[in-house]
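Chain residues, written in single-letter form:
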Amino acid sequence: MAGGVMENLQILVVEDHVFQRKMIVHMLHSLGIRNVRQAGNGLQALDTMGDRQLGQLDIVLCDLDMPEMDGMEFLRHLSERQPNLSVVIMSSMEGPLITSVSKMAKSYGVKILGAIEKPAALEQIAEFIKLHRQRSGELSVSVRSWHNFTLDEVLIGLKKDQFLPYLQPKVDMQSGRIVGAEALARWHHPEYGVISPMAFIPLLESNGSMDEFTFMMLEKTAKMSRQLHDNGQLISLSVNLSLSSLSDTKLADKITKIVRDASVDPHHIILEVTESAAMTNVAQALENLARLRMRGFGLSIDDYGTGFSSMQQLTRVPFTELKIDKSFVSDCTNNHALRVIVESSIELARKLNVKSIAEGVENQGEWNLLREMNCDVVQGYFISKPMSDKAFYDFCVTYNQRRKSDPNAVTGVHLAAA
Ligand code: C2E
Ligand code: CA
Ligand code: CA
């Protein structure tokens, strides 16, 4: 790490315990960081932040339990003053409490890098500083490509055919094989580059234009499926279905036609659905889903466990897989409650005779844990990020070659870096 970069970092340590505060300042100095400010509580911290001569802060290391203004209140004020600041929480409180405060801070818009159990160790602090530098690098990239689009811009992009599916592999844990991929929408914007679905799907939803979009995604995905099969990759592809589309009782026929027109057997297409508690046309939705299942499509409960996808669905829809939301999967190695939720979801799927899928698997620890829990299929950055169909095909070829030469390489460790 270049010394110059470290020297430029501005760090604030908020800690009422004088000795512990001095220790941390000392550690930061030893990491080559010169610009370290100190505060004994939230009030003092806000004071030093208000001093413009001292310049903009990059990272705040913050205790939770302090006199006068505690860490929670300080984080709230912080979010109003400088929302993009990175924060590391330091506390000797129990894990669930720290997790809860982290969630609170995130909801206020503060970037939480993580938490350190006191007394802080040098390696932990160094690790978080590294994370901050990685994240701020990523942020500047995504900020550049981010833009608040209007519905008109999205519709023009749709007319100009600028949207396409990216594929993210799904790996069977038992066999280690790539068994499928999820098609995730991307906008190839001529000016802003590759745009994520969050920037356009809500606009299309609110305008009632999701049907057209879904059919376009399905048609392109079906063509990709045909191509992959023709080139020896006999896998299934998953497409996300918007809830609003399910009210049209002609939906199942339209979907079937699109898939058959591309010469693809519905058995190779999985439709992912979430169910909103507020879903109004339940009967129509069930009619569509039953018909789709009858024709051979796989049906996946997406985002299982979140407010929109609940156990009630399990009783009324003929699902073939249960997809555990990434909000439970990420961090399940560190958080006991998350681990219990993930494990019981897998168990539930097994008892209901449907496949369990964990999305958002990001590291070896999560992979190992899910394997121990007998999860069927996993998807996540640990294996690969979503990519273009061509990149996906190459990925499959390389992945399969590596599996042949080293069956243990399937965990994706080596592949994730490729
Ligand atoms: P989703 O269906 O829950 O899809 C999973 C999201 O998690 C994707 O975000 C994927 O890129 C991301 N992801 C995958 N692995 C990891 C991981 O290891 N870590 C993390 N942090 N994230 C991971 P993406 O592509 O931004 O899509 C966001 C959402 O937009 C999707 O969530 C889905 O609800 C919606 N969406 C995307 N494409 C379509 C589409 O064609 N139609 C509809 N109706 N919705 C779509
Ligand atoms: Ca999905
Ligand atoms: Ca999800």
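Keep in mind that this is a model prediction, so the values were computed, not measured.

Participant: What is the right way to read the site of ligand 1 from this model?
Facilitator: For ligand 1, the set of nearby residues contains 23 residues, the closest of which are Gln-168, Ala-185, Arg-186, Glu-362 and Tyr-381. Here Asn-240 contributes a side-chain N or O atom positioned 3.3 Å from an oxygen atom of ligand 1. Only β7 (178-189), α9 (210-230) and β11 (298-304) provide two or more residues apiece to the shell around ligand 1. Considered class by class, the residues forming the shell around ligand 1 number eleven nonpolar, five polar and seven charged.

Participant: Looking at this model, I keep getting lost on the side chain of Asn-41. Mind explaining?
Facilitator: Among the secondary structure elements, Asn-41 is positioned in the loop between β2 (35-39) and α3 (42-50). When residues no more than four places from it in sequence are discounted, the contact partners of Asn-41 are Val-14, Met-66, Pro-67, Glu-68 and Met-69.

Participant: What's the story with the domain arrangement of the chain in this structure? I'm lost.
Facilitator: Accessible area lost when the parts come together is the quantity often used to give the size of an interface. Considered domain by domain, the chain is made up of domain 1 (3-139) and domain 2 (148-410). Its C-alpha centre places domain 1 at a distance of 38 Å from the equivalent point of domain 2.

Participant: Even after reading the chapter, I still don't get the side chain of Ser-225, so can you show me in this structure?
Facilitator: Position of Ser-225 relative to the elements: it lies in helix α9. Setting aside chain neighbours within four positions, we find Ser-225 in contact with Leu-237 and Val-264.

Participant: I'm lost on the coordination of the calcium ion (ligand 3) in this one. Help?
Facilitator: Asp-303 (OD), Asp-325 (OD) and Glu-359 (OE) make up the full set of protein donors to the calcium ion (ligand 3), lying at 2.1 to 2.4 Å. All donors of the calcium ion (ligand 3) belong to a single chain; written as a sequence motif, their spacing is D-x21-D-x33-E. Here the calcium ion (ligand 3) and the calcium ion (ligand 2) are spaced 5.5 Å apart. Remark: Glu-359 occurs in strand β13 (residues 355-359) and Asp-303 occurs in strand β11; sequence separation between them is 56 residues. Overall, Asp-303 belongs to the partly exposed group, its relative accessible area being 24%.

Participant: Teacher, can you tell me more about the pairing of strand β12 (residues 321-324) here?
Facilitator: Regular strands have side chains that alternate between both faces of the sheet. The two faces of β12 match: Glu-321 and Lys-323 on one face and Leu-322 and Ile-324 on the other face are all buried. Pairing between β11 and β12: three bridges, direction parallel. From the neighbouring strand, Ile-301 faces β12, where its bridge partner is Leu-322. Where β12 lies against β13, four bridges are found, and the strand directions are parallel. Across the sheet, the residue bridging to Lys-323 is Ile-357, located in β13.

Participant: How do you make sense of the coordination of the calcium ion (ligand 2) when you look at a structure like this?
Facilitator: Each donor-metal-donor angle would ideally measure 109.5 degrees in four-coordinate tetrahedral geometry, or 90 or 180 degrees in six-coordinate octahedral geometry. Within the protein, the calcium ion (ligand 2) binds to Glu-182 (OE), Asn-240 (OD1), Glu-272 (OE), Asp-302 (OD) and Asp-302 (OD); these donor distances fall in the range 2.2 to 3.2 Å. One way to put it: the six donor atoms around the calcium ion (ligand 2) meet at angles of 44 to 177 degrees, and that makes the site irregular. Judged by its relative accessible area of 29%, Asn-240 is partly exposed.

Participant: What should I look at first to understand the packing of helix α10 (residues 251-261) against helix α11 (residues 282-294) in this one?
Facilitator: Axes are the key here: two packed helices are described by the angle between their axes and the distance separating the axes. α11 packs onto α10 with a crossing angle of 30 degrees between their chain directions and a minimal axis gap of 8 Å. Classified by the angle between their axes, α10 and α11 sit roughly parallel to one another. Side by side, α10 and α11 meet where Leu-251, Ala-252, Asp-253, Ile-255 and Thr-256 of the first sit next to Asn-288, Arg-291 and Leu-292 of the second. Of the residues belonging to the contact of α10 with α11, the class tally is four nonpolar, two polar and two charged.

Participant: Help me understand the pattern of salt bridges, please; the structure alone is not making it clear to me.
Facilitator: Think of it this way: side chains of opposite charge can pair up when their charged atoms draw near. Tallied over the full model, the rule gives 14 salt bridges. Ionic pairing is found between Asp-253 and Arg-295, a salt bridge with its closest N-O pair at 3.0 Å. Placement of the pair is Asp-253 in helix α10 and Arg-295 in the loop between α11 and β11, with a sequence separation of 42 residues. By sharing partners, the salt bridges in this structure join Glu-15, Asp-63 and Lys-118 into a single network.

Participant: Help me out: how do you make sense of the environment of Ile-341 in this one?
Facilitator: Residue placement: Ile-341 occurs in helix α14 (residues 336-351). Residue class for Ile-341 comes out partly exposed when judged on its relative accessible area of 35%. Separated by 13 residues in sequence, Ile-341 and Phe-328 have C-alpha atoms that sit 7.2 Å apart.

Participant: So what exactly am I meant to see when it comes to the sheet that holds strand β4 (residues 86-91) here?
Facilitator: Sheet strands line up and pair through hydrogen bonds in the backbone, either parallel or antiparallel. Taken together, five strands build an open sheet; the order of strands is β2-β1-β3-β4-β5 and the sheet is parallel. Of all strands in the sheet, those bounded by a partner on one side alone are β2 and β5 (111-117). Averaged over all pairs of adjacent strands, the angle between strand axes in this sheet comes to 20 degrees, irrespective of strand direction. One ladder, built from four bridges, connects strand β1 (residues 10-14) with strand β3 (residues 59-63); its direction is parallel.

Reading the values: rules and limits
Residues numbered from 1 in each chain as written. Chains lettered and ligands numbered in written order. Predicted model: local features only at pLDDT ≥ 70, side-chain atom pairs only at ≥ 80, totals over all residues. Heavy atoms only, no water. Near = heavy atom within 4 Å. Polar contact = N/O pair within 3.5 Å; in protein donor to acceptor, adjacent residues only side chain to side chain. Helix = DSSP H or I, 4+ residues; strand = E, 2+ residues; numbered from the N terminus. Nonpolar A, V, L, I, M, F, W, Y, C, P; charged D, E, K, R; others polar. Contact = heavy atoms within 4.5 Å. Domains from an automatic or database assignment. Donors = N, O, S within 2.8 Å, 3.2 Å for Na, K, Ca; no water. Buried < 20%, exposed > 50% of the residue type's maximum accessible area, 1.4 Å probe, protein only. Pairing = 2+ DSSP bridges. Tetrahedral: all angles 85-135°; square planar, octahedral: opposite > 155°, others 65-115°. Axes fitted to C-alpha atoms, helices over the stretch in contact; angles between N-to-C directions. Parallel < 35°, antiparallel > 145°, perpendicular 65-115°, else oblique. Salt bridge = Lys/Arg side-chain N within 4 Å of Asp/Glu carboxyl O.

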